[in-house]
Amino acid sequence: MSKETVNLFFACDERYLPLFGVALSSLKAHRDPDRAYAVYVLHTDVAEKKAREMCCHFAEKGFSLTFKNVSREVEAFTDRLHTRDYYSKATYYRLLIPDLYPRMKKALYLDSDILLRGDVACLFDTDLTGKLAGAIPDGFVNRVPVLRRYVENRVGVPTDMPYFNAGVLLMNLVEMRKIGFGDLFLRLLSSVTFRVAQDQDYLNVLCRGKVSFLPEIWNYMPFEAAKEEPMLVHFNLDSKPWQKDGVLYEDEFWACADATPYGDELHARKMAYSEEDVREAAEQTQNLVATAVRESEEEAENRRIAARIAHLLKPIEGVEKERGDVRHSSPCAKKILVGRAL
């Protein structure tokens, strides 16, 4: 196996393990048998027995599965991790990857609520020279005017730049470490609270202008218009086949689910999903939009946030301008970041 190992990351709690099992099953079904795939699961509450069982079930030559408990790493700042609705704090764990694996050069993070229909190595092999990340524009946010205004006014993503969905995120770990990505995130977290898309908003701030935008077939969401042969289906928002019928690619989802030890549990979860749950999910989406509208109109607060972000990123941008390339900015930038407080 001469090609680079495909480093894949997921973050989940025990509640999402069955969905992760489906994602893993679809991943294996389309992988290159002549290539090595290393899968890492970042968590804080997965029981050791369950982790062992999953590793045994999915183990095979050229395919490794490792569970990494990050409780110690997040303990110092877990009370600052803002969540809403059905989201868990696990969504933030992807931000730890550059520092958790200091020798790794590149990583592909995937949400657990996905179905792969092609070999993810094709995505992993994308050249990220000079970029911090590779990502796909968020179809929901970029096409809903009130959400687009929110990301422009609150998050600071200008109208001529797509806002990306962080459920599929190719990370250039070398470049991230050079700018002190982990330190930047913690300082931003202490200074600014994003309530709408949480860690996704933070990522769009930190990677702004340094993202390679990838084909939408690698993060297709079933509420969008059908696309020809998507390679990755992301069951985002309320388009979830384990909750309701009529979701595109639900047959493929259930075929993968039934090939895992978690099929029965997911079928039972769907049977238990009530009309009240449907109404609650609709209310959550409405509340999300209402929050975005309210915060996009808070002009004074948005100016304050923009100033804090500019102050935080100024050392990095200054070094990048001086050197002409962010890839050469690490030692100086890190020194400046440590020596200056927001």
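Conventions adopted
Residues numbered from 1 in each chain as written. Predicted model: local features only at pLDDT ≥ 70, side-chain atom pairs only at ≥ 80, totals over all residues. Heavy atoms only, no water. Core = buried A, V, L, I, M, F, W, Y, C linked by side-chain atoms within 4.5 Å. Buried < 20%, exposed > 50% of the residue type's maximum accessible area, 1.4 Å probe, protein only. Contact = heavy atoms within 4.5 Å. Helix = DSSP H or I, 4+ residues; strand = E, 2+ residues; numbered from the N terminus. Expected span 1.5 Å × (residues − 1). 1 Å grid on protein atoms, 1.4 Å probe; cavity = no way out; pocket = protein on both sides within 12 Å on 5 of 7 lines; lining within 4 Å. Points joined across faces, edges and corners; volume = space filled by probe spheres on them. Nonpolar A, V, L, I, M, F, W, Y, C, P; charged D, E, K, R; others polar. Pairing = 2+ DSSP bridges. Axes fitted to C-alpha atoms, helices over the stretch in contact; angles between N-to-C directions. Polar contact = N/O pair within 3.5 Å; in protein donor to acceptor, adjacent residues only side chain to side chain. pLDDT = per-residue confidence, 0-100. Phe/Tyr/Trp six-rings, centres within 6.5 Å; stacked < 30°, edge-to-face > 60°.

## A closer look at the nonpolar core
Taken as a class, soluble globular proteins show a tendency for nonpolar side chains to be buried jointly.
Here is step 1: Grouped together as the largest cluster of nonpolar side chains are 59 residues, with contacts concentrated most on Phe-9 and Leu-42.
Here is step 2: In this view, Phe-9 contacts Tyr-40, Leu-42, Ile-97, Tyr-101, Met-104, Ala-107, Leu-108, Tyr-109 and Leu-110; residues no more than four positions away in its chain are not counted.
Here is step 3: Counting 49 residues, the second largest nonpolar core, distinct from the first, contains Phe-10, Met-54, Leu-108 and Ala-257.

## Regarding helix α1 (residues 17-29)
Here is step 1: The end-to-end C-alpha separation of α1 is 18 Å, in line with the 18 Å expected for 13 residues at 1.5 Å each.
Here is step 2: Buried residues dominate α1, accounting for 12 of its 13 residues.
Here is step 3: Looking only at α1, the buried set comprises Leu-17, Pro-18, Leu-19, Phe-20, Gly-21, Val-22, Ala-23, Leu-24, Ser-25, Ser-26, Leu-27 and Lys-28.

## A few points about unusual backbone geometry
Here is step 1: Of note, the phi angle at Leu-237 is positive, near 50°, even though the residue is not glycine.
Here is step 2: Here Leu-237 lies in the loop between β9 (232-234) and α11 (250-258).
Here is step 3: The phi dihedral of Tyr-249 is positive, around 70°, even though this residue is not glycine.
Here is step 4: Position of Tyr-249 among the secondary structure elements: in the loop between β9 and α11.

## Some words on empty space enclosed by the protein
Here is step 1: As enumerated under the stated definition, the model contains 2 cavities of 30 Å³ or more in all.
Here is step 2: In this structure, the second largest cavity occupies an estimated 40 Å³ of space.
Here is step 3: Residues of the lining of the second largest cavity, tallied by class, amount to 7 nonpolar, 2 polar and 1 charged.

## Side note on the pairing of strand β7 (residues 164-172)
Here is step 1: Judged by how many residues are buried, β7 sits mostly within the fold: 9 of 9 residues are covered.
Here is step 2: Relative to β7, strand β4 (residues 106-110) runs antiparallel, the two being bridged by 5 bridges. Bridge pairing links Ala-107 to Met-171 in β7.
Here is step 3: Two strands pair when backbone bridges link them, and strand β6 (residues 133-137) and β7 are joined in this way by 5 bridges, in the antiparallel orientation. Within β7, the residue paired with Gly-134 across the bridge is Leu-170.

## Points about the sheet that holds β4
Here is step 1: Spatially, β3-β2-β1-β4-β7-β6-β8 is the arrangement adopted by the 7 strands of the open sheet, whose pairing is mixed. Strands at the two margins of the open sheet, each flanked by one partner only, are β3 (63-69) and β8 (211-213). Neighbour to neighbour, the strand axes of the sheet diverge by 25° on average, direction disregarded.
Here is step 2: Here 2 bridges tie strand β1 (residues 6-11) to β4, and the two strands are oriented parallel to one another. Across the sheet, Leu-8 pairs through a bridge with Leu-108, a residue of β4.
Here is step 3: In this fold α1 packs onto β1, β2 (37-43) and β3, with an angle of close to 155° to the strand it touches most, β3.

## Considerations on the side chain of Ser-26
Here is step 1: Turning to its location among the elements, Ser-26 is positioned in helix α1.
Here is step 2: Residue Ser-26 is classed as buried on the basis of its relative accessible area of 0%.
Here is step 3: Within the local environment of Ser-26, its side chain forms a polar contact with the backbone oxygen of Ala-23, the two atoms lying 2.8 Å apart.

## Points about the confidence of the model for the chain
Here is step 1: Per-residue confidence for the chain gives a mean pLDDT of 88; residues scoring 70 or more make up 88%.
Here is step 2: The low-confidence segment residues 83-87, where pLDDT is below 50, has 14 contacts with residues more than four positions distant or belonging to other chains.
Here is step 3: The low-confidence segment residues 321-342, where pLDDT is below 50, has 41 contacts with residues more than four positions distant or belonging to other chains.

## Structural notes on the environment of Gly-21
Here is step 1: Here Gly-21 lies in helix α1.
Here is step 2: Given the relative accessible area of 0%, Gly-21 is considered buried.
Here is step 3: Sequence-wise, Gly-21 and His-57 are 36 residues apart; in three dimensions their C-alpha atoms are separated by 9.8 Å.
Here is step 4: Those residues in contact with Gly-21, other than ones at most four positions away along the chain, are Met-54, Phe-58, Thr-260 and Tyr-262.

## As for the packing of aromatic side chains
Here is step 1: For the structure shown, the criterion picks out 14 aromatic pairs.
Here is step 2: For the pair Phe-140 and Phe-223, a centre-to-centre distance of 5.7 Å together with 80° between the ring planes defines the contact as edge-to-face. Placement of Phe-140 in helix α6 (residues 139-143) and of Phe-223 in the loop between β8 and β9 is noted, with a sequence separation of 83 residues between them.
Here is step 3: Looking at Phe-140, the relative accessible area reads 17%, which means it is buried.
Here is step 4: You can call Phe-223 partly exposed: its relative accessible area is 32%.
Here is step 5: Centroid distance Phe-185 to Tyr-202: 5.8 Å. Interplanar angle 85°. Geometry classified as edge-to-face.

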